[in-house]
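# Fold and contact review
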Amino acid sequence: MKREEIENRLKTLYFEKYGVEPGIRPVTGGGSTRRYYRMNSEGRDSLIGVWGEDVMENLAFINLAKGFRKVGLNVPSIIDVSVDGYFYLEEDLGDLSLYDALHTGDRLNLGRAALREIVKLQSIKEDEWEESVIFPPFGERLVRWDLNYFKYDFLKPCGVIFNEEKLEDDFDMMVGVLTSIPGKLQGFMYRDFQSRNIMMKDEKLWLIDFQGGRRGPLVYDAVSFIWQAKAPFTVEERETLGKYYAELTAASQGMNVDDVEKEILPILLFRTLQVLGAYGFRGLIERKPHFISSIPGAQQNLKYLLDKGAFEKYPELHKISTAIINKKFRDEEPREGLTVRIYSFSYKKGYPEDKSGNGGGFMFDCRGIHNPGRYEEFKALTGRDEPVKKFLLADGEAERFIDDAFKVVSPSIERYLERGFSSLQVGFGCTGGQHRSVYCADGFARKVAQKFPGVKIELIHREQI
């Protein structure tokens, strides 16, 4: 949805609530596709207007926020929600995140305060939140998705050599370890509990972005927070906070501290691989500087894990991680050379604009691929959502299409590099620019990143902006 349309819909929602036209300005968001706006009018406190393309995810956040607030957790109040679920208004918690505060304040005390909040959340009985959760419990499927994320979106684009058969053996072993965590250490798993998702207002910590929550291992959230790659904790502080969390959780769950602590390293190893997958896709493929600059922190976590013997059961991962630690990752922007701009788009809205002024390029028509958009369960999703990916992978049709497109384009990339050209445009179009084209553009970008690591890639999902 275009920015102007989003702003108009949010202003309408505000007007229907308060009867006045608000001022509105964008607020910088994180890595998600949601858009945030600060809205205000005379005599009223400002609030945040949100647009999210995933209605189910929006409703999960809204319902969880209402439930958490009822039991006394510090979460934003929900003020109003549009009938279609794409837009909502919430309490404005300001601009100071815990991530910012950790760089200037007392790190240990702030860290302990955050861990007390997550233990408070994890102590809520399951029947208080289970109906609001939209995602299946943490289990074998999720573990394999995240491990494959690491393999395909980090390992392959960064050129680390590995034995795929042996790596899959290690993955099988890890799945077994992670799906056998004791029931007492299972509960609401925030999924992305890190300092950027904690705001500071009125000398209190406030939790946001918990829509991805599900039933899973409690330790996962503590690990996500304490070992966040760019969090400024020292190794000693991380270990102190890990011990503190184990003590809090043991007390709340009626367990021994040792039983909690022994789950930390296995979860930290898995979480580190998962975030490397995210950094690979957002950084090495999409070339977003923030994610590239986060990789060294994850490398430090890998080194910590190696030193602690966390790879004892995983020989191939041990070898791979040693190679990753010794690689140099840095944001190379700005740089000269070839930029390949890869678009997904809707044919209904015409071809993507040629920003280079050179004309030409490649356009691939994905409309011959079996369309997930014809089925009700996929209509609100995009080609980046796992159910749609699974649908498109099922018969291999989309993968063959991507392979064929890459065979057509790769000789031109090679020649453009030889001749010093600076720009090449590639587009993938479908009916709505939502499912097939998005999936194909992402897959094509991965192939370019893997074969041509010196090429800058700009990946633009035009209809999703």
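Residues numbered from 1 in each chain as written. Predicted model: local features only at pLDDT ≥ 70, side-chain atom pairs only at ≥ 80, totals over all residues. Heavy atoms only, no water.

Now for the sheet that holds strand S11 (residues 362-365). Spatial ordering of the open sheet is given by S11-S12-S10-S13, a layout of four strands whose pairing is parallel. In this open sheet, the two edge strands, each paired with only one partner strand, are S11 and strand S13 (456-461). Taking the axes of each pair of neighbouring strands and ignoring which way they run, one obtains an average angle of 15 degrees across the sheet. Taken together, the six bridges between strand S10 (residues 339-346) and S13 define a ladder with parallel strand orientation. Opposite Ser344, over in S13, you have His461 as the bridge partner. Along the sheet face, helix H16 (residues 436-451) touches S10, strand S12 (423-430) and S13 and points at about 175 degrees away from the line of S13. (Pairing = 2+ DSSP bridges. Helix = DSSP H or I, 4+ residues; strand = E, 2+ residues; numbered from the N terminus. Axes fitted to C-alpha atoms, helices over the stretch in contact; angles between N-to-C directions. Contact = heavy atoms within 4.5 Å.)

Turning our eyes to something else, we now look at the packing of helix H7 (residues 219-226) against helix H8 (residues 235-253). Contact pair H7 / H8: the axes reach a minimum separation of 10 Å and the direction vectors enclose 155 degrees. Regarding the angle of H7 to H8, the classification is roughly antiparallel. As H7 packs across H8, the resulting crossing turns out to be right-handed. Together, Val219, Ala222 and Ile226 of H7 and Arg238, Leu241, Gly242 and Tyr245 of H8 make up the contact between the two elements. For the contact of H7 with H8, the per-class residue count stands at five nonpolar, one polar and one charged. (Parallel < 35°, antiparallel > 145°, perpendicular 65-115°, else oblique. Left-handed = near helix turned anticlockwise from the far one by under 90°. Nonpolar A, V, L, I, M, F, W, Y, C, P; charged D, E, K, R; others polar.)

The final tally for this structure, using the stated rule, is 29 aromatic pairs. Judged by centre distance (5.6 Å) and plane angle (45 degrees), the ring pair of Phe193 and Phe225 falls under tilted. Of this pair, Phe193 sits in the loop between strand S6 (186-189) and strand S7 (198-201) while Phe225 sits in helix H7, and the two are 32 residues apart along the sequence. Each member of the pair Phe193 and Phe225 is classed as buried. A connected cluster of aromatic rings, assembled from ring pairs, spans Phe61, Phe68, Tyr88, Trp129, Phe188, Tyr190, Phe193, Phe210, Phe225 and Phe233. Above the face of the Tyr99 ring, Arg196 is positioned so that its terminal group lies 3.7 Å from the ring centre. Lying across the ring of Tyr347, Arg367 places its NZ or CZ 3.9 Å from the centre. (Phe/Tyr/Trp six-rings, centres within 6.5 Å; stacked < 30°, edge-to-face > 60°. Buried < 20%, exposed > 50% of the residue type's maximum accessible area, 1.4 Å probe, protein only. Lys NZ or Arg CZ within 6 Å of the ring centre and 35° of its normal.)

Turning next to the layout of surface pockets. Rolling a probe over the atoms, with the probe sized like a water molecule, indicates the empty space that remains. The calculated volume of the second largest pocket comes to roughly 440 Å³. Around the second largest pocket, the lining comprises 21 residues; the ones closest to its centre are Met1, Gly432, Gln434, Glu463 and Gln464. (1 Å grid on protein atoms, 1.4 Å probe; cavity = no way out; pocket = protein on both sides within 12 Å on 5 of 7 lines; lining within 4 Å. Points joined across faces, edges and corners; volume = space filled by probe spheres on them.)

Between helix H5 (residues 140-158) and helix H10 (residues 264-285), whose axes approach to 7 Å, the crossing angle comes to 45 degrees. Comparing the axis directions of H5 and H10 gives the class oblique. Both H5 and H10 take part in a crossing whose hand is left-handed. Along the contact surface, H5 presents Val143, Asp146, Leu147, Tyr149, Phe150, Asp153, Phe154, Pro157 and Cys158, while H10 presents Phe270, Leu273, Gln274, Leu276, Gly277, Ala278, Gly280, Phe281, Leu284 and Ile285. The residue makeup of the contact of H5 with H10, split by class, is 14 nonpolar, three polar and two charged.

Attention shifts here to the environment of Pro217. Tracing the sequence through the fold places Pro217 in strand S9 (residues 214-217). Setting aside chain neighbours within four positions, we find Pro217 in contact with Phe138, Ile181, Leu185, Gln186, Met189 and Ile267.

All right, on to the sheet that holds strand S1 (residues 23-27) then. Spatially, the five strands line up as an open sheet ordered S1-S2-S3-S5-S4, and their pairing is antiparallel. Of all the strands in the sheet, the pair left with one neighbour each is S1 and strand S4 (78-81). Each neighbouring strand pair of the sheet contributes to a mean axis angle of 25 degrees, computed without reference to strand direction. Judged from the five bridges that link them, S1 and strand S2 (residues 35-40) form a sheet pairing that is antiparallel. Of the residues in S2, the one forming a bridge with Val27 is Tyr36.

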